[in-house]
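Structure at a glance
Listed below, chain by chain, are the residues.
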Amino acid sequence: MEQAAEFLERYYILNGTIVHGDKRGKKIGYPTANIQAGNDHKVFPKKGVYAVWARVEGDYHGGMMNIGVRPTFDGESQTLEVHIFDFSGDIYGKEIQVQFVSRIRDEQAFSGIEELKARLDKDKEEALNKLKKRTPDIAKQRN
Ligand SMILES: Cc1cc2nc3c(=O)[nH]c(=O)nc-3n(C[C@H](O)[C@H](O)[C@H](O)COP(=O)(O)O)c2cc1C
């Protein structure tokens, strides 16, 4: 992912709309915004977890994104979901731009929600570390 950004001279991005998910994330302290991609031909990064910058209503927030099928919950369809750090607010229906900064890990099947939560705590730490060294692309990716 870092190399993609280097060659592109900007982060790889995903634009979409925030839609409702299953709301399970909220219970473990990691609410997520589920994203519906705005472009049917979009090429998604490989399944897994990423440190991202997310732009919502003109503001940039750090976050972590999961692209995958959620094997812990026997998921089948692929979802795009982002947890935005230190954020609360109703953003359903709003547009979002995700800027991919760094890949953290593969998606995994956990034994349950507690194990998933413990891993998300670690992911958050790793994502914050990655984001400390990178700023969001502001002028380059307005749309
Ligand atoms: C950063 C991040 C990493 C995740 N990693 C996994 C994973 O490795 N395995 C998995 O089954 N689900 C993973 N998930 C998905 C969670 O299972 C999902 O967010 C949770 O079920 C809540 O979904 P909901 O808000 O749509 O109910 C991850 C979610 C996020 C935000």
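The present account deals with the structure reproduced in this document. These figures come from a predicted structure and were not determined experimentally.

Each helix and strand in the chain was counted, giving 3 helices and 6 strands. Taken from N to C terminus, the helices and strands of the chain fall in the order α-β-α-β-β-β-β-β-α. Taking 143 residues into account, the globule formula puts the C-alpha radius of gyration at 15 Å, and the chain, at 14 Å, falls close to it. C-alpha extents for the chain along the principal axes are approximately 40 × 30 × 30 Å. Looking at the chain as a whole, 44% of its 143 residues are labelled buried. Here the contacts in the chain between residues at least 6 apart in sequence split such that 69% fall between residues at least 24 apart. Per element, the accessible surface of the chain, about 8200 Å² overall, is 47% carbon and sulfur. Averaged over its 23 positive side-chain charges, the chain has a centre that lies 2 Å from the centre of its 22 negative ones.

So, about the packing of aromatic side chains. Here the structure, examined in full by the defined rule, presents 2 aromatic pairs. In textbook terms, an aromatic cluster arises when at least three aromatic residues are bridged by ring pairs, as seen for Tyr12, Tyr50 and Phe100.

It is generally the case that most residues other than glycine have a negative phi and that most peptide bonds are trans. In this structure, Glu9 takes a positive phi of about 60 degrees despite not being glycine. As for its position among the elements, Glu9 is in the loop between α1 (2-8) and β1 (12-19). The class of Glu9 is exposed, set by a relative accessible area of 62%.

Glancing now at the site of the ligand. Contacts to the ligand come from 21 residues, most closely from Lys23, Arg24, Thr72, Arg105 and Gln108. Asn66 is positioned with one of its side-chain polar atoms (N or O) 3.4 Å from a nitrogen atom of the ligand. In the model, an oxygen atom of the ligand is placed 2.9 Å from a nitrogen or oxygen of the Arg70 side chain. Alone, the ligand offers 620 Å² of accessible surface; in the complex the protein occludes 98% of this. Of all the secondary structure elements, the ones that give two or more residues to the shell around the ligand are α2 (24-27), β4 (59-68) and α3 (113-132). Its residues placed into classes, the shell around the ligand shows 7 nonpolar, 7 polar and 7 charged.

A few words on the side chain of Asn66. The topology assignment puts Asn66 in strand β4. Leaving out residues up to four positions away in the same chain, Asn66 has contacts with Gly48, Val49, Thr79, Leu80, Glu81 and Glu107.

What follows is about the pairing of β1. Two faces, one strand: in a regular strand the side chains alternate between the faces of the sheet. For β1 and strand β6 (residues 95-105), the ladder comprises 6 bridges, and the chain directions are antiparallel. Within β6, the residue paired with Thr17 across the bridge is Glu95. As judged from the 4 bridges shared by β1 and strand β2 (residues 33-37), these two strands associate in the antiparallel manner. The partner of Ile18 across the bridge, within β2, is Ile35.

Rules behind the numbers
Residues numbered from 1 in each chain as written. Predicted model: local features only at pLDDT ≥ 70, side-chain atom pairs only at ≥ 80, totals over all residues. Heavy atoms only, no water. Helix = DSSP H or I, 4+ residues; strand = E, 2+ residues; numbered from the N terminus. Rg over C-alpha atoms; globule rule 2.2 N^0.38 Å. Buried < 20%, exposed > 50% of the residue type's maximum accessible area, 1.4 Å probe, protein only. Contact = heavy atoms within 4.5 Å. Areas by Shrake-Rupley, 256 points an atom, 1.4 Å probe, with all protein chains shown as cover. Lys, Arg positive; Asp, Glu negative; His and termini not counted. Charge placed at Lys NZ, Arg CZ, Asp CG, Glu CD. Phe/Tyr/Trp six-rings, centres within 6.5 Å; stacked < 30°, edge-to-face > 60°. Near = heavy atom within 4 Å. Polar contact = N/O pair within 3.5 Å; in protein donor to acceptor, adjacent residues only side chain to side chain. Nonpolar A, V, L, I, M, F, W, Y, C, P; charged D, E, K, R; others polar. Pairing = 2+ DSSP bridges.

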